Amino acid sequence: MNRPADIGARMRELTHKHRSRFFAVTLLAVLMALTLATQSFAMTAAKVTVDRDTGGQLTRFTFAATTDADEVVSEIDFLFPKGFDPEQASVKATLLDGLKRIPADYSHTIDLETGVVTVTFNPPIPAGSNLSMQIHNVMTPIAGGTYELPVEYSTTTTGVAGERRSLDGLTFKYKTPPRAEAFSRWLDNQDWVTSWNKVKFLNLFLKPQQFVRAVPLLFAGWLMSLALVLIAFPISIIGGLGTAFMKMAKIPPVRWLASIYINVIRGTPLFLQIFVVFIGLRTMGLRFPDFVSAVIVLAFNSSAYLAEIFRAGIQSISKGQFEAASSLGMTYWQAMRYVIIPQTVRRVLPTMTSEFILLFKDTALFAAVGIFELMLRSQNFVSRSGNLTAYVVAALYYLVITIPLINLVGRLERKLAQSEHGIVAAPSTRRSRRTPDLSSKPDQAATTPGSR
Amino acid sequence: MSAVTKPVVRIVNLHKCFGALEVLQGVDLEVQRGEVVVILGPSGSGKSTMLRCVNHLEVPTSGEVWLEDVQINAQGSNVNKVREHIGMVFQSFNLFPHLTARGNVMLAQRKVLGRSESEALRIADEQLAKVGLSDRADHYPSQLSGGQQQRVAIARALAMDPIVMLFDEVTSALDPELVRDVLEVMKELARGGMTMLVVTHEMGFARDVGSRVVFMDGGVIVEQGTPEQVFDHPQNERTKDFLGHIS
Ligand SMILES: Nc1ncnc2c1ncn2[C@@H]1O[C@H](COP(=O)(O)OP(=O)(O)O)[C@@H](O)[C@H]1O
Ligand SMILES: [Mg+2]
């Protein structure tokens, strides 16, 4: 008890002799003094820590303390606050005398009503021991914050009846998890989820906890896939139109060039094209950002398909349309622009939409070259969780786009069929005598080359 | 018509081959202003090909085709410019299905002649009125009968103020009850002094309206003259044979 006084005296001494060192020494001394001063209380150096930084999950609590020189502890109670569930808790305790480990024999009980975990030591903990206790598997509430864990214990000083002591102000903290995580942890505790997950199939493919986690995580991948196709497709419309006109050009080499391009692209897998561009260009020293490379491959690929769709569409318009336009004095491009293309658009719209759907699904191939689109994200998620629910979520993300478009294709096709055959039928009963090219079969002509 | 005035259309020694097939084997024809030349002949005799050579939808293999003082098939001639002045009406109408009747009549006025929207509109409605279709201006081709479509096609050609009109079997695809309306429009046009080349099988029209009848067979003009001459006193055996089959 007199040691702090000694230090104080020595400090004063130093102050007189070496003023310059005064502050450094003061700091050291204050720290030491504080440490020594606390020895006058019961258990010392007590603290509580948790091994998770967010709530709503099974958490390990660590309680460390040193028993006082004159107290022998036989029982320690952890009074978990409201919302904490120690039902599945297990306890591990380690006792040290200095650096020497002393055997500990203990057992614990859990009061579910009050949330109190009681650990009984028999024999009791010797005085002046270092004590470390771990309480595993305590379910924490989701809401984050700073919580207090009151600890009470009983002493059995030799020969003297037990005394209750308590340690206050032992706090720990963690954060509220992100919304999906919180939702998932909430689901962990729902009875229906537990029964649902008992069905092996549902657990593997439709685990609710995985589902709510995957939805926000895959959203970015969905946006990436969508961005790829939304940028690449307009480019391929232009490229496809250009190629289509090249394919119909009068100058043979221009036609050949278009043919070679179309056939090479349509005759090789997109997967191969992706590798050629991603690895080939890089090896040649041409470095684009991955996203740009991906858009380039997609646009190149889709242009070839659209070129054939457009060419077939344009050629399905009867020659008479072009002749009528020409006979009115229109140039080739005027006839194309005002007469042929507007009719072609209506005819190729369904096939074009189908091509868009194909292209959107094809973005999945970019997983192989590390573009973080929907497929790669779901793959990663699955390999991390060992559960296939993320694939189902990815499928839903694809379907959100494709199902309405598939529907649209159907509607466009019906509308086209109606307009081609005359919505309000002309009162003629012998329509077949009309030259057949006005109502030729655009559907086959325009559809066939586009299908893969 | 007097030969003193300059012909509107002049065809000189026109030959046209499709590969080895020589469809036109030396056709000569002059059409004067205001003339209605009716071209008769069996199927495959080259009538359409000749007509299409006039506005260069077919490129002649040899020979000359003139519109007034411009040779259409000369090297470097502006075909589109010449075509502005030649109206053509097809057997299959060839209306633009994505445009209304009025839109059909307006399109080339706007894009080729550069007329203003309001002027093109005014002329379109005027021409549609002439062919008796004012009440169908906002209809799409698919909402019109064959006869109505063909009349829109005529209005579309007339709106360009052509100096000559070409008609290629314009009533052949029509139901009989619809033929008359179209012929009526053509008759009216002829009365108004329009220069016309008409390929048709309507003998009544040829006789009533034609100022000259030309009979073609095997890619050449076999015989020509006034309707009375050709119909009542045909000279050529093939003409007689053809007319015998028709009637
Ligand atoms: N674009 C073409 N290619 C090949 N042969 C053609 C073409 N157009 C017409 N023909 C042929 O030329 C001949 C004359 O055709 P056409 O001028 O249409 O005769 P018409 O109008 O008198 O019935 C026919 O034998 C026809 O088969
Ligand atoms: Mg013909």
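Remember, it's a predicted structure, so these values are computed and weren't measured experimentally. (Residues numbered from 1 in each chain as written. Chains lettered and ligands numbered in written order. Predicted model: local features only at pLDDT ≥ 70, side-chain atom pairs only at ≥ 80, totals over all residues. Heavy atoms only, no water.)

**Q** Lay out the overall build of chain A in plain terms, naming residues and giving numbers.
**A** Looking only at helices and strands, chain A features 14 helices and 12 strands. Counting all 452 residues of chain A, 41% fall into the buried class. Considering only residue pairs separated by 6 or more positions, chain A has 73% of its internal contacts joining residues 24 or more positions apart. Element-wise, carbon and sulfur atoms account for 63% of the exposed surface of chain A, whose accessible area totals about 24,400 Å². (Helix = DSSP H or I, 4+ residues; strand = E, 2+ residues; numbered from the N terminus. Buried < 20%, exposed > 50% of the residue type's maximum accessible area, 1.4 Å probe, protein only. Contact = heavy atoms within 4.5 Å. Areas by Shrake-Rupley, 256 points an atom, 1.4 Å probe, with all protein chains shown as cover.)

**Q** Could you give an account of the site of ligand 1, with specific residues and numbers?
**A** All names here are of chain B. The local shell around ligand 1 consists of Phe 18, Leu 21, Val 23, Pro 42, Ser 43, Gly 44, Ser 45, Gly 46, Lys 47, Ser 48 and Thr 49. One of the backbone N or O atoms of Ser 45 is found 3.3 Å from an oxygen atom in ligand 1. A distance of 3.1 Å separates an oxygen atom of ligand 1 from a polar atom in the backbone of Gly 46. Computed on the free molecule, ligand 1 has an accessible area of 550 Å², of which 60% lies beneath the protein chains in the complex. Elements that contribute at least two residues to the shell around ligand 1 include exactly strand S2 (21-31) and helix H1 (47-54). Broken down by element, the shell around ligand 1 gets its largest block of residues, 3 residues, from H1. Taken together, the residues that form the shell around ligand 1 break down as 4 nonpolar, 6 polar and 1 charged. (Near = heavy atom within 4 Å. Polar contact = N/O pair within 3.5 Å; in protein donor to acceptor, adjacent residues only side chain to side chain. Nonpolar A, V, L, I, M, F, W, Y, C, P; charged D, E, K, R; others polar.)

**Q** Lay out the interface of chain B and chain A with the relevant residues and their values.
**A** The partner chain A presents 29 residues to the 33 residues of chain B that form the contact. Taken over both partners, the interface formed by chain B and chain A buries close to 2,700 Å², and the fraction arising from carbon and sulfur atoms is 57%. Counting every contact that joins chain B to chain A gives 1 salt bridge. Sorting the residues of the side of chain B that touches chain A by element identifies helix H2 (79-83), strand S6 (86-89), helix H3 (101-111) and helix H5 (146-158) of chain B as the ones contributing at least two each. For the side of chain B that touches chain A, the per-class residue count stands at 17 nonpolar, 10 polar and 6 charged. (Buried area = accessible area lost by both parts, 1.4 Å probe. Salt bridge = Lys/Arg side-chain N within 4 Å of Asp/Glu carboxyl O.)

**Q** Residue-level account of helix H6 (residues 176-191) of chain B, with values.
**A** All names here are of chain B. Between its first and last C-alpha atoms H6 spans 23 Å; for 16 residues at 1.5 Å apiece the expected length is 22 Å, and the two agree. Of all the residues in H6, the buried ones are Leu 178, Val 179, Val 182, Leu 183, Val 185, Met 186, Leu 189 and Ala 190. The buried residues of H6 occupy one face: seen down the axis, they fall within an arc of 155°. Among the exposed residues of H6, those pointing more than 90 degrees away from its buried face are Glu 177, Arg 180 and Arg 191. (Expected span 1.5 Å × (residues − 1). Arc of directions from axis to C-beta.)

**Q** Could you give an account of the pattern of salt bridges, with specific residues and numbers?
**A** Opposite charge on two side chains allows them to pair when their charged atoms are near. Scanning the entire structure with this criterion turns up 29 salt bridges over all chains. We note a salt bridge from B:Lys6 to B:Asp69, for which the minimum N-O separation is 3.9 Å. Here B:Asp69 lies in the loop between strand S4 (62-67) and strand S5 (70-71) and B:Lys6 lies in the segment before strand S1 (9-18), a separation of 63 residues in the sequence. Each member of the pair B:Lys6 and B:Asp69 is classed as exposed. A salt bridge links B:Arg212 to B:Glu35, with the nearest nitrogen and oxygen atoms 2.8 Å apart. Here the residue B:Arg212 occupies a position in strand S9 (residues 212-217), and B:Glu35 occupies one in the loop between S2 and strand S3 (36-40), the gap between them amounting to 177 residues. In this structure, B:Arg212 and B:Glu35 share a single accessibility class: buried. Overlapping salt bridges, with partners in common, bring together A:Glu75, A:Asp77, A:Glu152 and A:Arg164 in one network.

**Q** Break down the environment of A:Ala249 for me, citing the residues and quoting the values.
**A** Residue and element names in this part refer to chain A. Within the secondary structure layout, Ala 249 lies in the loop between helix H6 (208-247) and helix H7 (252-267). A relative accessible area of 17% means that Ala 249 is categorised as buried. Taking the C-alpha atoms as reference points, Ala 249 and Asn 407, 158 residues apart in sequence, are found 36 Å from one another. The residues touching Ala 249, leaving out its near neighbours within four places in the chain, are Val 254 and Arg 255.

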